[in-house]
Amino acid sequence: MGRPTIADIARRAGVSKGAVSFALNGRPGVSEATRERILRVAEEMNWRPHSAARALGGARAGAVGLVLARPARTIGLEPFFSQLLSGLQAGLSVRGTALHLLVVEDTAAEIEVYRRWTSEHRVDGFVLVDLQVRDPRIPVLEELGVPTTVIGGPGRHGRLPSVWADDREAMVSIVDYLAALGHRRIAHLAGLPAFQHTQRRVRAVRDSAKRLGLTDAVSLPTDFSDAEGAAATRALLARPQRPTAIIYDSDVMAVAGLGVAAEMGVAVPGELSVVSFDDSALARIVHPSLTALSRDTFALGEQVARELLAVVDDPAAARDVKNPTPRLTVRESTAPPGLDPGN
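All figures in this text were calculated on a predicted structure; none of them were measured in a lab.

Caption draft 1: Molecular detail of the pairing of strand 4 (residues 148-151). Across the two faces of strand 4 the burial is the same, with Thr-148 and Val-150 and Thr-149 and Ile-151 all buried. Where strand 3 (residues 125-128) and strand 4 come together, three bridges link them in parallel fashion. If you follow Leu-128 over to strand 4, its bridge partner there is Val-150. The parallel pair strand 3 and strand 4 is bridged by helix 8 (residues 137-144), and the resulting crossover is right-handed. Across two bridges, the pairing between strand 4 and strand 5 (residues 162-164) is parallel. Bridge assignment links Val-150 to a residue of strand 5, and that residue is Ser-162.

Caption draft 2: Fine view of the sheet that holds strand 11 (residues 320-322). If you trace the six strands from one edge of the open sheet to the other, you get 2-1-3-4-5-11, paired in parallel fashion. Each of the sheet's edge strands pairs with one partner strand only, and the pair in question is strand 2 (98-103) and strand 11. Direction aside, the axes of adjacent strands within the sheet are offset by 20° on average.

Caption draft 3: Broad picture of the nonpolar core. Judged by nonpolar contacts, the single largest core of 22 residues is most densely connected at Leu-66, Leu-84, Leu-88, Leu-99, Val-127, Ile-151 and Val-304. Secondary structure elements with two or more residues in this core: strand 1 (63-68), helix 6 (79-93) and helix 14 (297-313). Setting aside residues up to four positions removed in sequence, Leu-88 forms contacts with Leu-66, Leu-99, Val-127, Gly-301, Glu-302, Val-304 and Ala-305.

Calculation notes
- Residues numbered from 1 in each chain as written.
- Predicted model: local features only at pLDDT ≥ 70, side-chain atom pairs only at ≥ 80, totals over all residues.
- Heavy atoms only, no water.
- Buried < 20%, exposed > 50% of the residue type's maximum accessible area, 1.4 Å probe, protein only.
- Helix = DSSP H or I, 4+ residues; strand = E, 2+ residues; numbered from the N terminus.
- Pairing = 2+ DSSP bridges.
- Right-handed = clockwise from strand over helix to strand, strands pointing away.
- Axes fitted to C-alpha atoms, helices over the stretch in contact; angles between N-to-C directions.
- Core = buried A, V, L, I, M, F, W, Y, C linked by side-chain atoms within 4.5 Å.
- Contact = heavy atoms within 4.5 Å.

Structural data, given as structure tokens:
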């Protein structure tokens, strides 16, 4: 049996379709006894309002959408995303709003979901992550006119409001710290090069190396996975002039890097310092514990939810919100460079 309709409820309750509509929408026009009978029948038939029909009547969907064009296996491993999603749902649930999450294969599929969910009135707004260089999603979401809050910035997201922190300033703080320890050869295992935040971090490493007069500072792209993080670390540590410090764009890659260093007999932090751009419980419980950039990702998710719901309520509430720059938490994985033969 398919989805029960108003006509089905009317037949079972012995009333007109108009009476069912009045009862289900809480409008006057039927007696209390009839209203109760109709609502009881609707509950017995497990009737739920159709999202498109509700939207035509001006009702909200009671949900927001998050579409991720990343490998599902990688997302499942990243503590950052689990904390972000938990915070988003916590912030939305205060208002009884659901989070619709979908993982797709590429940006084209992501854009198609935005168009479909908007036409079907499935959501009241979207959360947009992983801003891209010349991002094709921005004009589409502006054209659709659905409230959207971007995680990332500053700028390059059209008229869409955002919640952001300064990735460049955060990366500069890492390089400055490593240089102060005495490191002159630094490597950076970056994320996907199409992402704006990856480009900002890469430029920050390059500019800081020039300013500080470092001997070498190379950035290598990865897909954020432990496998690519491990492979890139192995290649770096096999070089005749290997880096004395490696910065990883995710905690998962940093932990993988620790494993490779141990496998190759490279002591951390005696011969190699390791820093993670993301902090997490994983970064704190490994040995040695990871020096990392710390921020409250759960609170970030809650804040994004609040900002988006405010725009859903009133489009004039759209604004760009800058969060404090993540702070460097020094732990056991960093030290002045040792006296190994590669130095």
